[in-house]
Amino acid sequence: MADSKLVKIAWRVYAVDAGLGALLIIAALTDSGDAAGRGLAQVYAVGCVIALLGFAVVLGLSTILKSTIGLWISIVLMLVPPVLYLIGVVQMLMD
């Protein structure tokens, strides 16, 4: 049976992903660069929304079915975008 603490952690990680997704969508909508950059930003934003929907389905099913393995899988999958974001920020700061 899934631990309620694990469920809370998983949904908090999802909230972080949703926050980063919202920032990406806002950046895509307010981009004032060239047309190619705006188009690429919009493609990334749409991809983020699709990924968030996929994460929500996996996480929701894991929560409903009380699957500990499903929760761990969803946590690992959902940690990838924030880690990649942090790597990008660190690389930008080092350049």
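Let me sum up the structure you'll find in this document. All figures in this text were calculated on a predicted structure; none of them were measured in a lab. (Residues numbered from 1 in each chain as written. Predicted model: local features only at pLDDT ≥ 70, side-chain atom pairs only at ≥ 80, totals over all residues. Heavy atoms only, no water.)

**Re the packing of aromatic side chains**
Where we set the bar: Pairing of aromatic side chains here covers Phe, Tyr and the six-membered ring of Trp, requires ring centres within 6.5 Å, and sorts the geometry by plane angle: under 30 degrees stacked, over 60 edge-to-face, intermediate tilted. In this text, helices come from DSSP runs of H or I with a minimum length of four residues, and strands from runs of E with a minimum of two, each type numbered from the N-terminal end. Relative accessibility decides the category of a residue: with a 1.4 Å probe and only protein chains considered, values under 20% of the type maximum give buried, values over 50% give exposed, and everything between is partly exposed.
Across all of its chains, the model carries one aromatic pair by this definition. Here Trp 11 and Tyr 14 contribute two aromatic rings whose centre-to-centre distance is 5.6 Å and whose plane-to-plane angle is 75°, an arrangement assigned as edge-to-face. In this pair, Trp 11 and Tyr 14 both sit in helix H1 (residues 4–30), three residues apart, roughly one turn of the helix. We classify Trp 11 as partly exposed; its relative accessible area is 35%. Among the residues examined, Tyr 14 registers a relative accessible area of 18% and is labelled buried.

**Here's the deal with unusual backbone geometry**
Residue Lys 66 is not a glycine yet carries a positive backbone phi of 55°. Residue placement: Lys 66 occurs in the loop between helix H2 (35–64) and helix H3 (68–94). For Lys 66, a relative accessible area of 46% puts it in the partly exposed group.

**Quick word on the packing of H1 against H3**
So the rule is basically this: Simply put, an axis is a line fit to the C-alpha atoms, just over the touching stretch for a helix, and the angle between two N-to-C directions goes from 0 to 180 degrees. When describing relative orientation, an angle under 35 degrees is termed roughly parallel and one over 145 degrees roughly antiparallel, while 65 to 115 degrees is termed roughly perpendicular and anything else oblique. Handedness of a crossing follows from how the near helix is turned relative to the far one, being left-handed for an anticlockwise turn of less than a right angle and right-handed for a clockwise one. Contact criterion: two residues are considered in contact whenever any of their non-hydrogen atoms come within 4.5 Å of each other. Throughout this entry, Asp, Glu, Lys and Arg are counted as charged residues, while Ala, Val, Leu, Ile, Met, Phe, Trp, Tyr, Cys and Pro are counted as nonpolar. The remaining residues, Gly among them, count as polar.
For the pair H1 and H3, interaxial distance at closest approach is 9 Å and the crossing angle is 30°. By the angle between their directions, the pair H1 and H3 is classed as roughly parallel. Our pair here, H1 against H3, has a crossing hand that is left-handed. The segment H1 lies against H3, with Leu 6, Val 7, Ile 9, Ala 10, Val 13, Tyr 14, Val 16, Asp 17 and Leu 20 engaging Thr 68, Leu 71, Trp 72, Ile 75, Met 78, Leu 79, Pro 81, Pro 82 and Tyr 85. Residues belonging to the contact of H1 with H3 are distributed by class as follows: 16 nonpolar, one polar and one charged.

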